[in-house]
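One letter stands for each residue in the lines below.
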Amino acid sequence: MSLRKSLPMLFFVLCLGASNAQNIAVDYTFGEKYKDRYKFSNLLSISNDDNGGSVLVRAYYTGVILKPKGYFIEHYDKDLALISEYNYKLKNSNFVEGYVRNGQVYLLFLDYNYDSRSYEYVVHRSPITEMNFTEETLLSIPSKEVKNPLDKNYYNRNFTSGFTTSVLFDEEKTAFVISTHFKKGKNNNHFIYMFDTSLRKLVEHDFSAEVEEKNYAFESVAVSKNLKTAYIVGKAYFKKKRFNAQERKFQYELIKISQKGGQIQTFDDTGKFSEGLKPIIHENDMYCVGFYADRKDNRYNGLSYFKLDPNSLAIRSKKYNPFSEQFMMDKFGREEDKEIKNLVFKNASVTTEGDLLFNAEEYFVTSSVQANSSGGRVKVQRYHHNDIVSAKLNANGDVIWIRNINKAEVTQGDGAYASYSSCTKDGSTYFFISTSAENPQILPGERLLFKQGLSRNRNVFTIQLDPQGHISYEKLIDDKEARLPLMVSKPLIAPTNDLLFYAKRGSKKQLVKVVL
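Just so you know, these numbers come straight off a predicted model, no measurement behind them.

So what exactly am I meant to see when it comes to the overall build of the protein chain here?
When its secondary structure is counted, the protein chain shows two helices and 36 strands. Across the 516 residues of the protein chain, 55% fall into the buried class. Total accessible area on the protein chain is roughly 24100 Å²; 46% of this is exposed by carbon and sulfur atoms.

What follows is the structure in structure tokens.
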């Protein structure tokens with residue numbers, strides 16, 4: 001594994017309303033560069049330490065044939081200075097998520113217990129100031145060992161292994177849900193649990209009746225402020241219906257669970273099929289926003305909006321907004337073959353005026369077989385992070401604007417350097433993308449093309465969508481300053497919408513803080 005392979009190949013096109021870069025009110029600060037003992041690692045989580053500092057968790061790999069050896073935990077103060085490091089030598093554990101709460105580091109794992117022949121969700125917990133981990137088992141589910149039990153695949157989820165499970169945290173990391181589906185012979189058990197991040201079990205819901213006809217792949221969750229109710233969006237895959245080759249085999253559903261039980265809401269209408277939904281709770285309102293298709297294939301045709309009663313899940317209002325001709329021109333120029341598909345949500349928020357802002361990315365995986373150095377053949381997977389679609393709707397579901405940022409990234413290695421991050425402030429949306437491109441090429445239609453450069457160093461560009469949907473861009477950090485590439489898709493976003501990025505190459509590392 002080399003860093004050159006772990007960084008993505010990238011180019012992207014920005015469809016801008018202006019052809020020149022503009023000044024965007026964004027500033028940044030570099031932390032000190034530190035030496036790092038582990039050249040090969042992956043950033044797993046980055047959390048606020050509740051005192052303005054941050055805690056990072058990395059999986060590291062060593063050996064002639066790289067193998068996972070444990071987890072490296074770094075603690076930084078509010079001034080980006082490294083306070084402490086800790087090597088947690090823990091092997092053969094499957095990391096799920098990490099976070100900080102009440103001065104303690106929590107690491108959630110999914111492990112297989114060969115003695116009890118069961119899968120166990122185990123939390124390792126330690127005070128930040130003095131690393132001393134203890135273990136606590138949250139759940140134990142009897143099952144034979146299967147391949148990829150926690151496999152989150154957006155398009156071809158495998159339900160045939162006998163056991164599948166998923167974990168979803170809300171955006172504020174106040175709570176999380178665990179779904180466990182075990183099937184063997186006549187036993188077909190599906191349970192959904194909700195815990196707060198202090199590990200108190202809040203809800204246990206038997207979902208088994210629903211899986212007699214459908215399998216579920218959950219994608220996102222929103223949790224009520226009182227932590228009594230979870231709203232989960234997922235794909236429900238039909239088991240026994242017959243489908244044409246081009247037809248979709250699932251429908252999107254919203255599942256509500258609480259101590260009072262569960263409820264389900266579906267969304268598809270005649271000629272309108274949901275292709276992605278995100279739940280949003282705002283004050284006393286419940287929304288699901290996303291995309292739809294006008295036929296049962298994987299092409300998207302516009303934006304969907306649903307306003308629901310958070311208690312009954314009854315749909316109070318709904319709207320379908322087709323993609324405009326201007327949006328399609330922004331995205332494709334004058335190309336005839338126009339397909340929009342594979343959009344995966346990144347962020348959704350509500351402005352102080354009640355408008356809904358959200359963005360998604362075209363994401364898919366391809367694979368091929370190629371020769372290796374020993375003359376054998378090996379399967380290689382490539383992860384594609386392509387166009388960004390960003391939209392703004394008013395509280396009634398009417399489109400204020402929808403814009404497209406054309407880009408194409410592909411990586412075989414660490415996806416943290418690929419894709420993008422985004423946040424909103426004062427009604428504007430900001431995107432952060434890392435690329436070796438130096439200067440954009442202006443194309444017809446006031447579109448900008450950033451080609452992949454030759455340098456190992458990478459520039460960081462900021463793209464702003466203002467409240468009216470006007471786009472501007474700026475090179476935020478020049479590659480001569482940023483000698484280490486930023487992991488742009490895994491920032492820590494503070495409540496003030498400041499962003500903290502981890503930058504690393506080989507044996508050097510540092511933090512970079514971006515202030516809006």
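Moving on from the model shown.
What is the right way to look at unusual backbone geometry in this model?
Most peptide bonds are trans, and most residues other than glycine sit at a negative phi. Even without being glycine, S419 reaches a positive phi, approximately 65°. Relative to the helices and strands, S419 is located in the loop between β27 (399–411) and β28 (421–425). Overall, S419 belongs to the buried group, its relative accessible area being 2%. Phi at N497 takes a positive value of approximately 70°, unusual for a residue other than glycine. Summarising the element assignment, N497 is placed in the loop between β34 (492–493) and β35 (499–505).

Looking at this structure, how should I read the sheet that holds strand β17 (residues 230–238)?
Hydrogen bonding along the main chain pairs the strands of a sheet, whether they run parallel or antiparallel. In spatial order, the strands read β16-β17-β18-β19; together these four strands make up an open sheet with antiparallel pairing. The open sheet has two edge strands, β16 (214–223) and β19 (261–266), and neither has a second partner. Neighbour-to-neighbour, the strand axes of the sheet open up by a mean angle of 25°, direction not taken into account. Note that strand β18 (residues 250–258) and β19 share six bridges and pair antiparallel. Residue pairing in the sheet places I255 in a bridge with I264 of β19.

Where do I start with the sheet that holds strand β4 (residues 40–48) in this structure?
Strand order in the open sheet made by the four strands is β4-β5-β6-β7, with antiparallel pairing throughout. This sheet does not close on itself; its edge strands, each paired only once, are β4 and β7 (82–88). On average, each strand axis in the sheet is tilted by 20° relative to the strand beside it, whichever way the strands run. Where strand β5 (residues 54–62) meets strand β6 (residues 67–76), nine bridges bridge the pair, whose relative direction is antiparallel. Bridging from a neighbouring strand, Y61 pairs with P68 of β6.

Any chance you could explain the environment of S45 here in plain terms?
Checked against the element boundaries, S45 lands in strand β4. As a C-alpha pair, S45 and G98 span 53 residues in sequence and 5.7 Å in three-dimensional space. Other than its neighbours up to four places away in sequence, S45 contacts V55, L56, V57, F95, E97 and G98.

What should I look at first to understand helix α2 (residues 325–332) in this one?
Residues separated by three or four positions in an α-helix point in the same direction, a consequence of the helix having 3.6 residues per turn. Taken together, the buried positions of α2 are occupied by F327, M328, D330, K331 and F332. Buried residues in α2, looked at end-on, bunch into an arc of 165°, giving them a common side. Along α2, exposed side chains directed more than 90 degrees from the buried face belong to E325 and Q326. N-capping of α2 is provided by S324, with a side-chain oxygen placed 3.0 Å from the backbone N of F327.

Mind showing me how you'd approach the pattern of salt bridges here?
If the charged atoms of two oppositely charged side chains come close together, the side chains can form a pair. The full count for this structure, using the stated rule, is 24 salt bridges. As a salt-bridge pair, K509 and E74 come within 3.4 Å of each other at their nearest N and O atoms. Taken together, the positions of K509 in strand β36 (residues 508–515) and E74 in strand β6 put the pair 435 residues apart, joining distant regions of the chain. Summarising the burial analysis for this pair, K509 and E74 share the class buried. Its salt-bridge partner being K392, residue D355 comes within 3.9 Å of it at the nearest N-O pair. Taken together, the positions of D355 in the loop between β24 (343–350) and β25 (356–371) and K392 in strand β26 (residues 377–393) put the pair 37 residues apart, joining distant regions of the chain. Assessed through its relative accessible area of 6%, K392 is described here as buried. Sharing partners across several salt bridges, the network here consists of D36, R37, R58, E74, E85, K504 and K509.

What is the right way to look at the packing of aromatic side chains in this model?
The description of two aromatic rings rests on the distance between their centres and on the angle between their planes. One pass over the structure, following the stated rule, counts 35 aromatic pairs. The rings of Y99, Y106, F169, F176 and F195 are connected pair by pair, giving a single aromatic cluster. Across the ring face of F250, the terminal group of K235 is positioned such that the distance to the ring centre comes to 4.6 Å.

How do you make sense of the environment of T197 when you look at a structure like this?
Within the fold, T197 resides in the loop between β14 (187–196) and β15 (201–206). A relative accessible area of 3% places T197 in the buried class. There is a polar contact of 3.3 Å between the side chain of T197 and the backbone oxygen of K173.

It is not clear to me how the side chain of D355 should be interpreted in this structure. Could you clarify?
Classification of D355 by relative accessible area gives buried; the value is 13%. In this structure D355 touches S349, V350, K392, L393, N394, A395 and I400, once residues within four positions along its chain are discounted.

Help me out: how do you make sense of the pairing of strand β13 (residues 175–184) in this one?
The buried fraction of β13 amounts to eight of the 10 residues, a majority that puts the element mostly inside the structure. Linking two consecutive strands that pair antiparallel, namely strand β12 (residues 163–169) and β13, is a turn of five residues; a positive phi of about 55° is found at K173 within it. In terms of strand pairing, β13 meets β14 through 10 bridges, oriented antiparallel. Within β14, the residue paired with F182 across the bridge is N189. As consecutive antiparallel partners, β13 and β14 are separated by two residues, and within that stretch G185 has a phi angle of approximately 60°, a positive value.

Mind showing me how you'd approach a positive patch on the surface here?
Taken together, K33, K35, R483 and K508 make up a surface patch of like positive charges. Positionally, K508 belongs in strand β36.

How should I be thinking about the pairing of β35 in this particular structure?
Side chains on a regular strand alternate between the two faces of the sheet. For β35, the tally of buried residues reaches seven of seven residues, placing the bulk of the element in the interior. Burial along β35 is two-sided: L499, F501, A503 and R505 and L500, Y502 and K504, pointing in opposite directions, are all buried. Of the strand pairs in this sheet, β34 and β35 are connected by two bridges, and their pairing is antiparallel. Within β35, the residue paired with I493 across the bridge is L499. Once β34 ends, the chain turns through five residues before running back antiparallel as β35, passing N497 with a positive phi of about 70°. Relative to β36, β35 runs antiparallel, the two sharing seven bridges. Paired with F501 across the bridge in β36 is V512. The turn linking β35 back onto β36 is made up of two residues, and G506 within it adopts a positive phi angle of 55°.

Rules used in this analysis
Residue positions are counted from 1 within each chain, in the order its sequence is given. Only residues with pLDDT of at least 70 get local features here, since the model is predicted, and only at 80 or more are side-chain atom pairs given and counted; chain-wide, interface and lining totals rely on the full set of residues. Values reported for side chains reflect all heavy atoms of the structure, with hydrogen atoms and water molecules removed beforehand. Helix and strand labels come from DSSP, where a helix needs a run of H or I of at least four residues and a strand needs a run of E of at least two; each type is numbered from the N terminus. Per-residue accessibility, obtained with a 1.4 Å probe over protein chains only, is compared with the maximum for each type, and a residue is labelled buried under 20%, exposed over 50%, and partly exposed between these values. For the area figures, the Shrake-Rupley method with a 1.4 Å probe applies, and any residue is considered shielded solely by the protein chains shown. The pairing criterion for strands is at least two bridges between them, as found by DSSP. Axis angles are defined between N-to-C directions and span 0 to 180 degrees, where every axis is a line fitted to C-alpha atoms and, for a helix, only to the segment in contact. Residues are treated as being in contact if the distance between any of their heavy atoms lies within 4.5 Å. This arc is taken over the directions from the axis of the helix to the C-beta atoms. Polar contacts here mean pairs of N or O atoms no more than 3.5 Å apart (in protein, one a potential hydrogen donor and the other a potential acceptor; neighbouring residues in sequence count only if both atoms are side-chain atoms). Any carboxyl oxygen of Asp or Glu within 4 Å of a side-chain nitrogen of Lys or Arg constitutes a salt bridge here. We call Phe, Tyr and Trp rings a pair once their centres come within 6.5 Å, taking the six-membered ring for Trp, and we label the pair stacked below 30 degrees between planes, edge-to-face above 60, and tilted otherwise. Comment: the charge-over-ring label is applied if NZ (Lys) or CZ (Arg) is within 6 Å of the ring centre and within 35 degrees of the ring normal. Patch membership requires more than 30% relative accessible area and the absence of a salt bridge. Residues of like charge join within 9 Å; the nonpolar side chains Val, Leu, Ile, Met, Phe, Trp and Tyr join within 5 Å. We score Asp and Glu as negative and Lys and Arg as positive, and we do not count His or the chain ends. Every charge is mapped onto a representative atom, which is NZ of Lys, CZ of Arg, CG of Asp or CD of Glu.

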